[in-house]
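Topology and contacts: notes
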Amino acid sequence: IFESIKFVLSRVPELGGTILITASEHETNCYSHIPTYDCQAQGLALNSKSLGLKSGDTMCPRCEKRGPEAVLSDLACIANDALDSIASKADIIQWLWSWDYIMPLDKTKNAVTNNLPAKVKVMIDWQRRTQFKLFGREAMVDEYTLAYTEPSDYALEIIKICKKLNRKLVARCALVSTVEMNAQPYLPVLDNVEKLLKQLRKHEVEGFLGCWVFGAYPGRNMEMIKLAGHSNHPTLDLARKYYGPGAGDALSAWKTFSKGMKYFPTAQSVLYQSALNVGPGLRFSLKPERWRSGVVLV
């Protein structure tokens, strides 16, 4: 891995850097799919089985002794050494995606403090673990959504520790669309987009990842990034640009859509298997069907 990173960055010196995922996704280390505590008991939306995490599996004695704080940080350490060897100024961004499924918050904070090299930037999931109550049921955001614009309590804890360490911070947050509505180009919730950008600036986030494998359409939402940098009323400016005399109606619609997002059931069954993600590919029926639509990423 050291040689590979060194080779790529030396051959492509203009490359800005690399984003690392070391938990969940594919199994890349002994801890990537093995939780060390009861994550479901902590209020996480999914259990270990549904994530593909295999609690109770054995791992190599070396990793078991070192613990998840060290093992999940290994790749960032290797990448940092590789870039130092060629004096590269590229960024290494350690995404903390699903670290909360592998270990509790105190261990994650310990890893950020003691295991990640000082130059490595940390990327947090902005709204993930936001608690909410909808239609009498309590739930938690476990992906990305434009329904909420402030960082979750969990994200705030990581923000605090990064500021204390003077470590650069990056946010992963929905900006154009959201996981639940993958089939449409962008969500016209401009009020929420403006609030989100203000929150990112308030918490001194250096940058953000606004898309992943979905939600990258260059629509109105992306224009807000530019406008928010030099306008006190970016949403109004955007409405005037596209709707002229009808700007007031556009603002009213955007505000209504933004408020309406709070009533969307941000649950995993909707996130991954919703008809909203299938769009025109969904087979409609006038009778109740027992089958589920395909997974969003398939």
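Now for a look at the structure at hand.

Criteria and cut-off values
- Residues numbered from 1 in each chain as written.
- Predicted model: local features only at pLDDT ≥ 70, side-chain atom pairs only at ≥ 80, totals over all residues.
- Heavy atoms only, no water.
- Helix = DSSP H or I, 4+ residues; strand = E, 2+ residues; numbered from the N terminus.
- Buried < 20%, exposed > 50% of the residue type's maximum accessible area, 1.4 Å probe, protein only.
- Contact = heavy atoms within 4.5 Å.
- Areas by Shrake-Rupley, 256 points an atom, 1.4 Å probe, with all protein chains shown as cover.
- Core = buried A, V, L, I, M, F, W, Y, C linked by side-chain atoms within 4.5 Å.
- Patch = residues over 30% accessible without salt bridge, like charges linked within 9 Å, V, L, I, M, F, W, Y side chains within 5 Å.
- Salt bridge = Lys/Arg side-chain N within 4 Å of Asp/Glu carboxyl O.
- 1 Å grid on protein atoms, 1.4 Å probe; cavity = no way out; pocket = protein on both sides within 12 Å on 5 of 7 lines; lining within 4 Å.
- Points joined across faces, edges and corners; volume = space filled by probe spheres on them.
- Nonpolar A, V, L, I, M, F, W, Y, C, P; charged D, E, K, R; others polar.
- Polar contact = N/O pair within 3.5 Å; in protein donor to acceptor, adjacent residues only side chain to side chain.
- Pairing = 2+ DSSP bridges.
- Phe/Tyr/Trp six-rings, centres within 6.5 Å; stacked < 30°, edge-to-face > 60°.
- Lys NZ or Arg CZ within 6 Å of the ring centre and 35° of its normal.

1. A word on the overall build of the chain
- If you tally the helices and strands in the chain, you get 14 helices and 7 strands.
- Relative to its full complement of 298 residues, the chain shows a buried share of 47%.
- Expressed as a percentage of contacts within the chain between residues at least 6 apart in sequence, the contacts between residues at least 24 apart total 73%.
- When the accessible surface of the chain is summed, it comes to about 16000 Å², and 54% of that surface belongs to carbon and sulfur atoms.

2. A closer look at the nonpolar core
- Counting 73 residues, the largest nonpolar core has Val 122, Ile 124, Trp 126, Leu 146 and Leu 200 as its most contacted members.
- When residues in this core are grouped by element, the largest group, 6 residues, is from helix α8 (residues 153-165).
- Leave out the neighbours within four places in its chain, and Leu 146 touches Ala 174, Leu 175, Val 176, Ser 177, Thr 178, Leu 187, Val 189, Asn 192, Val 193, Leu 196, Asn 221 and Met 261.

3. Structural notes on a nonpolar patch on the surface
- A surface patch of nonpolar side chains, amounting to about 310 Å² of accessible area, comprises Phe 7, Val 8, Val 12 and Leu 15.
- Looking at the secondary structure, you find Val 12 in the loop between α1 (2-11) and β1 (17-21).

4. Details of the layout of surface pockets
- Approximately 270 Å³ is the volume found for the second largest pocket.
- The wall of the second largest pocket is formed by 14 residues, among which Phe 132, Arg 137, Glu 138, Ala 139 and Ala 267 lie closest to the centre.
- Element by element, the count of residues in the lining of the second largest pocket is highest for strand β5 (residues 137-140), at 4 residues.
- Residues belonging to the lining of the second largest pocket are distributed by class as follows: 9 nonpolar, 2 polar and 3 charged.

5. Focus: the side chain of Gln 127
- Along the chain, the position of Gln 127 falls in the loop between β3 (121-125) and β4 (131-134).
- For Gln 127, a relative accessible area of 0% corresponds to the buried category.
- Polar contacts involving the side chain of Gln 127 include one to the main-chain carbonyl oxygen of Tyr 148, which spans 2.9 Å.
- In contact with Gln 127, not counting residues within four places along its chain, are Val 141, Thr 145, Tyr 148, Glu 150, Ser 152, Cys 173, Ala 174 and Leu 196.

6. Some remarks on the pairing of strand β6 (residues 169-172)
- Neither face of β6 is left uncovered, since the one carrying Leu 169 and Ala 171 and the one carrying Val 170 and Arg 172 both have all their residues buried.
- With 4 bridges joining them, β3 and β6 adopt parallel strand pairing. Considered in β6, the bridge of Val 122 is made with Leu 169.

7. With respect to empty space enclosed by the protein
- Applying the stated criterion across every chain, the model contains 2 cavities of 30 Å³ or more.
- The volume enclosed by the largest cavity comes to roughly 70 Å³.
- Lining the largest cavity, in full, are Leu 96, Asp 100, Ile 124, Asp 125, Arg 128, Arg 129, Tyr 154, Ala 155 and Ile 158.
- Listed by contribution, the elements that provide at least two residues to the lining of the largest cavity are β3 and α8.
- By residue number, the principal contributor to the lining of the largest cavity is α8, which donates 3 residues.
- In the lining of the largest cavity, the residues fall into 5 nonpolar, no polar and 4 charged.

8. Section: the packing of aromatic side chains
- If you walk through the whole model with that rule in mind, you get 5 aromatic pairs.
- Ring geometry for Trp 95 versus Trp 97: centroids 6.0 Å apart, planes at 50 degrees, classification tilted.
- The class for Trp 95 is buried, based on a relative accessible area of 1%.
- Here Trp 97 falls in the buried class, since its relative accessible area comes to 6%.
- Ring centres 6.0 Å apart and planes at 5 degrees place the aromatic pair Tyr 186 and Tyr 217 in the stacked group. A residue pair is termed long-range when its members are at least 10 positions apart, and Tyr 186 in the loop between β6 and α9 (190-202) and Tyr 217 in the loop between β7 (207-209) and α10 (220-228) qualify at 31 residues.
- The class of Tyr 217 is partly exposed, set by a relative accessible area of 43%.
- These aromatic residues form a ring-pair network of at least three members: Trp 95, Trp 97 and Tyr 144.
- For the cation-ring pair, Arg 220 lies above Tyr 242, with the distance from its terminal atom to the ring centre recorded as 3.6 Å.

All we've got here are geometric facts, nothing functional implied.
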